Amino acid sequence: SSLSGCELFVREKMQAALTRIGADVISFDDNSALPMAGMPPVGKVSQGDESQVRKHRRRTLLLVYPGPDDMALNALKAYSGRHLLYVGESRGGINA
């Protein structure tokens, strides 16, 4: 199955690693978070927000360390696909 994800440095590394092993990954970031000072981008990340998942319903949604804002909830509401992969902390953690 293909993957769609969101990015910051650790998330970019996940996208790049998955691509290296042959996964077909599309990553989006709205650039609302400050970039990591002195750290070059890793992997290919397109400009966009969680609404992009509507365009990729045949893909697996990959949420990697989503922040505590509404992004993850909005992505799930917009997603009509069948598979979700979540990488982050469990209930009570700092991730969505």
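Attention in this report is confined to the structure presented alongside it. In this convention, every chain numbers its residues from 1, walking through the sequence in written order. In keeping with the predicted nature of the model, local features appear solely for residues at pLDDT of at least 70, side-chain atom pairs appear and are counted solely at 80 or more, and the whole-chain, interface and lining totals rest on all residues. To obtain the side-chain values, all non-hydrogen atoms of the structure were used and water was disregarded.

### Section: the nonpolar core
In terms of nonpolar packing, the biggest core is built from eight residues, these being Val53, Leu61, Leu63, Met71, Ala72, Ala75, Ala78 and Tyr79. Taken together, the elements giving at least two residues each to this core come down to strand E4 (60–64) and helix H2 (71–78). Tallying contributions element by element places H2 first for this core, with four residues. To define a nonpolar core, start from buried Ala, Val, Leu, Ile, Met, Phe, Trp, Tyr and Cys residues and group those joined through side-chain atoms within 4.5 Å. Only protein chains enter the calculation, and the probe is 1.4 Å; a residue is then buried if its accessible area is under 20% of its type maximum, exposed if over 50%, and partly exposed in between. Under the DSSP-based scheme used, a helix requires at least four consecutive residues in state H or I and a strand at least two consecutive residues in state E, with every element numbered from the N terminus.

### Remarks on the pattern of salt bridges
Salt bridges, as used here, are contacts in which a Lys or Arg side-chain nitrogen is within 4 Å of a carboxyl oxygen on Asp or Glu. In this structure the tally under the stated criterion is one salt bridge. One salt bridge connects Asp24 with Arg59, and the closest N-O pair in it is separated by 3.5 Å. You can see Asp24 sitting in the loop between helix H1 (9–20) and strand E2 (25–29) and its partner Arg59 sitting in the loop between strand E3 (46–47) and E4, a full 35 residues away along the chain. A residue is classified by how much of its surface remains accessible, and Arg59, at 13% relative accessible area, is buried.

### Section: a nonpolar patch on the surface
Among the surface-exposed residues, Leu76, Leu84 and Tyr86 lie close enough to one another that they form a single nonpolar patch of about 260 Å² accessible area. In this structure, Tyr86 sits in strand E5 (residues 84–87). Note that patches include only residues with greater than 30% relative accessible area and no salt bridge, and the join distances are 9 Å for like charges and 5 Å for nonpolar side chains (Val, Leu, Ile, Met, Phe, Trp, Tyr). Residue-level accessible areas treat just the shown protein chains as cover; the underlying method is Shrake-Rupley with a 1.4 Å probe.

### Overview of H2
Residues of H2 that are buried include every one of Met71, Ala72, Ala75 and Ala78, and no others. Around the axis of H2, the buried residues are gathered within 130° of arc, so they sit on the same side. Starting at the helix axis, one direction is taken to each C-beta atom, and the arc is that of these directions.

### Section: unusual backbone geometry
Of note in this structure, Tyr65 is not a glycine but carries a positive phi near 45°. Residue placement: Tyr65 occurs in the loop between E4 and H2. The class of Tyr65 is partly exposed, set by a relative accessible area of 36%.

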